[in-house]
Amino acid sequence: MSLLQTQQLLARLYTNTEFRERFFANPQTVGAELGLSDDESHQLAQLSVQDVNLFANSLKWKRLGEVRQFLPRTHLALGKNFNALFWKYAESYIPSGIKKHRQDAIAFADFIAKVARDEGIEPPWVGDLVRYEQTWVLAYQASIYLRVCWFRYPVHQPENSDICIEKPTILVWWRFLGRPCLLICKGRLPYK
Amino acid sequence: MFSHLPTLGVGLGFREVCKSDLFLNRQQVDFLEIVVEHYLDVSSPKQEELEILAQHFPIIPHGINLSLGSAEGLDRDYLRKLAPLMNQLNPPWWSEHICFTRAGGVDIGHLSPLPYTKEAVEVVCRNIAEVRRWFDVPLILENITYMVTLPGAEMTEAQFLTEILERSDCGLLLDVTNLHTNAVNHGYDVLDFLGELPSQRVVQLHFVGGHWYDGVLIDSHSQPTPTEVWQLMAEVVDRFPVKGIVLERDENFPPFGELVAELQQARQILRSHS
């Protein structure tokens, strides 16, 4: 088995739970599907399931640690549910490239916003908060940026405890080429 | 061989959260190691940050995602972005890991071990030769930690590292914490390991502390350096002509004074043992 084939298989074992479970349940069959000989499959079956699972989980914990830094207030607001949601999300998406952690945070924010919208999670303002943090992440990676967002809650307030009462708010992110900081203009809709 | 490289002393792996404290304690830090991926394809504030750092400290670039062990070859787009950074910094050396991080379109997201085979040695050396066609800054290679032992090894880990270093004419960035972690998790003797390394190629060290999880020592860069690693560092500095030592803390940051105390302890070891 060439190094190229070995690495392709290892990359899938490390990052794909369903593939990993299938392979270790029946290495000969999965190996044959991948074009490996019985000897090659037998050699790879010597990998320790426990070690591979530990490494695979450590990859997710590493991603989670990085993503948490991009979405600190959402993490605070969701508590342990942040980790549970990330575990569910991480099965379906693997970021890549130099800015993969940022990309991961943006995609995870989309996932949380969708769950908040479709299933409803506590606190009720977390969907707004994660969109707010996601917009900052997007704004930071662009040289020129303009975005107007509407929120049901005043998520620009610095403390999570200040945003729990509905107060419809419009926020504008604005960044020009060459300017080292972001500007934020705040406006409010009339109270309901 | 690497004796012409400057002695840099004791430095810190730069992380943005430490920026203010770093400048308040400039005299305590001889040089900085930056993660190159943090400065590739970045906005102007990040570029300015790098320029300011370079004005105040010698900078050593440290790569994470080049994937020197990838049998499918290197990512040219990555190299295209890395080359200008090297030209801008013109460092005395730079470092990467002996590992692979991507294959078959999957970015694994972490440093993954290579099988200790002749084919893997060939692949790493071929990829390093390609890197040198882009820029010729001296390259030192780091030993990684690994949780998975790959079957089919044709040599020991130390023999594998040595073969790559000799054939590619690279220096070694010996992460003493990684060495300690692997020795604990895989049950080998660190002194035997050190005895197999090419002594004149050891250029730089990394150190930090990890944590225990379910009976396994995890290289999390999240704890103070343990006694065993300090002892190993002293042993290594006794044996090899080390040019620089870097504290590589990434998580669970303590007050900066505690990092400074660790730098002082490493400096003391460097002075008394070299």
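Analysis parameters
- Residues numbered from 1 in each chain as written.
- Chains lettered and ligands numbered in written order.
- Predicted model: local features only at pLDDT ≥ 70, side-chain atom pairs only at ≥ 80, totals over all residues.
- Heavy atoms only, no water.
- Contact = heavy atoms within 4.5 Å.
- Buried area = accessible area lost by both parts, 1.4 Å probe.
- Salt bridge = Lys/Arg side-chain N within 4 Å of Asp/Glu carboxyl O.
- Helix = DSSP H or I, 4+ residues; strand = E, 2+ residues; numbered from the N terminus.
- Nonpolar A, V, L, I, M, F, W, Y, C, P; charged D, E, K, R; others polar.
- pLDDT = per-residue confidence, 0-100.
- Buried < 20%, exposed > 50% of the residue type's maximum accessible area, 1.4 Å probe, protein only.
- Lys, Arg positive; Asp, Glu negative; His and termini not counted.
- Polar contact = N/O pair within 3.5 Å; in protein donor to acceptor, adjacent residues only side chain to side chain.
- Pairing = 2+ DSSP bridges.
- Right-handed = clockwise from strand over helix to strand, strands pointing away.
- Axes fitted to C-alpha atoms, helices over the stretch in contact; angles between N-to-C directions.
- Parallel < 35°, antiparallel > 145°, perpendicular 65-115°, else oblique.

(A) Fine view of the interface of chain A and chain B. Listed as interface residues are 31 residues of chain A and, on the opposing side, 36 residues of chain B. Summing both partners gives a buried area of about 2800 Å² for chain A against chain B, and 69% of it is carried by carbon and sulfur. Area buried by chain A at its contact with chain B is led by A:Leu3, A:Gln7 and A:Ile98, which between them contribute 24% of it. In this structure, the connection of chain A to chain B is made through one salt bridge. In this structure, the salt-bridge partner of A:Lys100 is B:Asp107, at a minimum N-O distance of 3.5 Å. Going through the elements one at a time, helix H1 (3-15), helix H4 (38-44) and helix H5 (49-70) of chain A are the ones with two or more residues in the side of chain A that touches chain B. Looking at the side of chain A that touches chain B residue by residue, the classes come out as 17 nonpolar, nine polar and five charged.

(B) Geometry of the confidence of the model for chain B. Per-residue confidence for chain B gives a mean pLDDT of 96; residues scoring 70 or more make up 100%. Of the two predicted TM-score estimates for the complex, the pTM is 0.92 and the ipTM is 0.94.

(C) Fine view of the side chain of A:Arg20. Residue and element names in this part refer to chain A. Turning to its location among the elements, Arg20 is positioned in helix H2 (residues 17-25). Of the side chains with opposite charge, Glu91 lies nearest to the buried Arg20, which makes no salt bridge, at 5.6 Å. At a separation of 2.9 Å, a polar atom in the side chain of Arg20 contacts the side chain of Asn53. Look past the residues within four positions of Arg20 in its chain and what remains in contact with it is Leu13, Tyr14, Thr15, Val52, Asn53 and Ala56.

(D) The arrangement of unusual backbone geometry in detail. The omega torsion of the bond from A:Glu122 to A:Pro123 falls at -5 degrees, within 30 degrees of zero and hence cis. Structurally, A:Pro123 is set in the loop between helix H8 (100-118) and helix H9 (126-140). The residue B:Asp214 is not glycine, and still its phi comes out positive at about 55 degrees. Note that B:Asp214 resides in the loop between strand E10 (209-213) and strand E11 (216-223). Accessibility expressed as a relative area gives 69% for B:Asp214, which makes it exposed.

(E) Expanded view of the pattern of salt bridges. Taken as a whole, this structure holds 22 salt bridges over all chains when the rule is applied. A:Asp118 is paired through a salt bridge with A:Lys114; the nearest N and O atoms lie 2.8 Å apart. Taken together, the positions of A:Asp118 and A:Lys114, both in helix H8 and four residues apart, correspond to about one turn of that helix. On the basis of relative accessibility, which here comes to 44%, the residue A:Lys114 falls in the partly exposed class. The shortest N-O distance in the salt bridge between B:Glu49 and B:Lys19 comes to 2.9 Å. Taken as a pair, B:Glu49 in helix H2 (residues 44-56) and B:Lys19 in helix H1 (residues 19-24) lie far apart in primary sequence, 30 residues in all. Judged by relative accessible area, which is 7%, B:Glu49 ranks as buried. What makes B:Lys19 partly exposed here is its relative accessible area of 30%. In the salt-bridge network here, residues are joined through shared partners; they are B:Glu16, B:Lys19, B:Lys46 and B:Glu49.

(F) Expanded view of the pairing of strand E1 (residues 9-13) of chain B. Residues and elements named next belong to chain B. Burial within E1 is extensive, with five of its five residues counted as buried. Pairing of E1 with strand E2 (residues 31-35), which is carried by three bridges, proceeds in the parallel orientation. The residue bridging Gly11 from the neighbouring strand is Phe31, located in E2. Taken together, E1, H1 and E2 form a β-α-β motif whose crossover is right-handed.

(G) Looking closely at helix H6 (residues 176-186) of chain B. All names here are of chain B. Burial analysis of H6 places eight of its 11 residues in the buried class, which makes it a mostly covered element. Within H6, burial applies to Val176, Thr177, Asn178, Leu179, His180, Thr181, Asn182 and Ala183. Sitting at the head of H6, Asp175 places a side-chain oxygen 3.0 Å from the backbone nitrogen of Thr177. Gly187 lies just past H6 and shows a positive phi near 65 degrees.

(H) Structural view of the pairing of strand E3 (residues 59-62) of chain B. Residues and elements named next belong to chain B. Here E3 shows no split at all, with Ile59 and Pro61 on one side and Ile60 and His62 on the other all buried. Inspection of the sheet shows E2 paired to E3 by four bridges, in the parallel sense. Looking at E3, one finds that Glu33 is bridged to Ile60. Handedness of the crossover joining E2 and E3 through H2: right-handed.

(I) Spotlight on the packing of H1(A) against H5(A). All names here are of chain A. The interhelical angle for the contact between H1 and H5, taken along N-to-C directions, is 70 degrees, at an axis separation of 8 Å. With respect to each other, H1 and H5 are oriented roughly perpendicular. Contacts between H1 and H5 involve Leu13, Tyr14 and Thr15 on the former and, on the latter, Val52, Phe55, Ala56 and Leu59. Each residue belonging to the contact of H1 with H5 can be placed in one class, and the counts come to six nonpolar, one polar and no charged.

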